[in-house]
Amino acid sequence: MSTNLKYVSLGILVFQTTSLVLTMRYSRTLKEEGPRYLSSTAVVVAELLKIMACILLVYKDSKCSLRALNRVLHDEILNKPMETLKLAIPSGIYTLQNNLLYVALSNLDAATYQWPSDSQLDSKELSAGSQFVGLMAVLTACFSSGFAGVYFEKILKETKQSVWIRNIQLGFFGSIFGLMGVYIYDGELVSKNGFFQGYNQLTWIVVVLQALGGLVIAAVIKYADNILKGFATSLSIILSTLISYFWLQDFVPTSVFFLGAILVITATFLYGYDPKPAGNPTKA
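Residues numbered from 1 in each chain as written. Predicted model: local features only at pLDDT ≥ 70, side-chain atom pairs only at ≥ 80, totals over all residues. Heavy atoms only, no water.

A.B. asks: Can you tell me about the overall build of the chain, naming the residues and giving the values?
C.D. replies: Counting its regular elements, the chain contains 11 helices and 0 strands. For the chain, the sequential pattern of α-helices and β-strands runs α-α-α-α-α-α-α-α-α-α-α. Taken across its 284 residues, the chain has 46% of its residues classed as buried. In the chain, once contacts between residues fewer than 6 apart in sequence are set aside, the share between residues at least 24 apart is 82%. Carbon and sulfur atoms provide 66% of the accessible area of the chain, an area that totals close to 15,800 Å². (Helix = DSSP H or I, 4+ residues; strand = E, 2+ residues; numbered from the N terminus. Buried < 20%, exposed > 50% of the residue type's maximum accessible area, 1.4 Å probe, protein only. Contact = heavy atoms within 4.5 Å. Areas by Shrake-Rupley, 256 points an atom, 1.4 Å probe, with all protein chains shown as cover.)

A.B. asks: A description of the UniProt feature "transmembrane region" (unreviewed entry) in the chain should follow, citing residues and the corresponding values.
C.D. replies: Here the UniProt feature "transmembrane region" (unreviewed entry) sits at residues 6-25, 37-59, 132-152, 164-184, 204-224, 231-248 and 254-273. Annotation note: span residues 37-59, helix share 91%, strand share 0%, distance between end C-alpha atoms 33 Å. Here residues 164-184 is 100% helix and 0% strand, with 30 Å between the C-alpha atoms at its ends. (UniProt positions renumbered as here; feature names shortened; annotations may be inferred.)

A.B. asks: For the nonpolar core, give the residues involved together with the corresponding values.
C.D. replies: The biggest cluster of nonpolar side chains holds 17 residues, and the ones touching the most others in it are Met24, Tyr37, Ala42, Tyr102 and Val206. Other than its neighbours up to four places away in sequence, Tyr102 contacts Met24, Arg28, Tyr37, Ser39, Ala42, Val43, Val206 and Gln210. Residues Leu87, Phe152, Ile155 and Val163 belong to the second largest nonpolar core, which totals 11 residues. (Core = buried A, V, L, I, M, F, W, Y, C linked by side-chain atoms within 4.5 Å.)

A.B. asks: Now, about helix α2 (residues 39-61): what can you tell me, with residues and values included?
C.D. replies: Helix length check: α2, at 23 residues, gives a terminal C-alpha distance of 33 Å against a target of 33 Å (1.5 Å per residue), a fit within 8%. Taken from the residues just after α2, Lys63 is the one with a positive phi, measuring 60°. (Expected span 1.5 Å × (residues − 1).)

A.B. asks: Go over helix α8 (residues 163-193), please, and point to the residues and values.
C.D. replies: Over its 31 residues, α8 extends only 37 Å from the first C-alpha to the last, a length that falls short of the 45 Å expected when each residue adds 1.5 Å. For α8, the N-terminal cap is Ser162; the gap from its side-chain oxygen to the backbone nitrogen of Trp164 is 3.0 Å. (Polar contact = N/O pair within 3.5 Å; in protein donor to acceptor, adjacent residues only side chain to side chain.)

A.B. asks: An account of the side chain of Ser175 is requested, with residue identities and associated values reported.
C.D. replies: Mapped onto the elements of the fold, Ser175 is located in helix α8. Given a relative accessible area of 8%, Ser175 falls into the buried group. Within the structure, Ser175 has its side chain in polar contact with the backbone oxygen of Gly171 (distance 2.8 Å). Ignoring sequence-local partners within four residues, the contact set of Ser175 consists of Val44, Glu47, Leu48 and Ile51.

A.B. asks: If you had to explain the packing of aromatic side chains to someone new, which residues and values would you point to?
C.D. replies: Two descriptors summarise a pair of aromatic rings, namely the distance from one centre to the other and the angle between the planes of the rings. Tallied over the full model, the rule gives 6 aromatic pairs. Taken together, a centroid distance of 5.2 Å and an interplanar angle of 85° make the contact between Phe196 and Tyr199 edge-to-face. The exposure class of Phe196 is partly exposed, given its relative accessible area of 45%. Overall, Tyr199 belongs to the buried group, its relative accessible area being 15%. (Phe/Tyr/Trp six-rings, centres within 6.5 Å; stacked < 30°, edge-to-face > 60°.)

A.B. asks: So what's going on with the environment of Met52? Which residues, and what values?
C.D. replies: By the element assignment, Met52 lies in helix α2. For the pair Met52 and Gly171, spaced 119 residues apart in sequence, the C-alpha separation works out to 9.5 Å.

A.B. asks: Outline the environment of Leu57, supporting the account with residue identities and numerical values.
C.D. replies: Structurally, Leu57 is set in helix α2. Expressed as a C-alpha distance, the spacing of Leu57 and Ile165, which sit 108 residues apart in the sequence, is 9.4 Å.

Listed below in structure tokens is the structure:
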């Protein structure tokens, strides 16, 4: 991957991650009349949107032929059950992670969610219990994300299957695991108020951003690596912090946070730095 394409991917990921975190946080803390939307259903809808988008991309790659699309899906998914089952592991982890994101952002400010630090939060707004729940959720998501990212990168780079086919397989299992979560944790609420209870325009923006993130991350892992994905997330921490401090005014960065931000920027620069080879010295 060229240096320019790396930085373009980095920029897209930073924009997507920052937008998702801030909109998700706002949607989970916004007070409205009626029931609040269920995060478990939002995860399922995002997976279904991701599958639909990937099918359209495969359809485009198949020269807009339904017969070719059907053949590709049949040959690459149905006829390769073991290859498809390999995606069950990262899919289950990603589904757990996506649900934990909603839990974390319901209990933490946007900046602390992305980077657990020693920031001082207003005790009147967040109880110690909710902070602990949010912190545990984000720590679990961090560890699970690292493992799933490396595992998914290994699968993508060891096979010749299209990244969009792999996303369809990932989304298929993600939808199943997600629906299981809806039934177990929110079954009564769904039967009472419906699957799409509390959905509004902001909710759909969050869902679309989450589905877009799955596509972008998969493409970056395929053509770059999981480290670049981590740098993009780290850079979005800094951007989310600035927005949280100047606009949302729900986070006060500390000296430790600033030190970490400097280290992230330095690491990102060093990762993308491509020194020019020194020329051969001329002989006298």
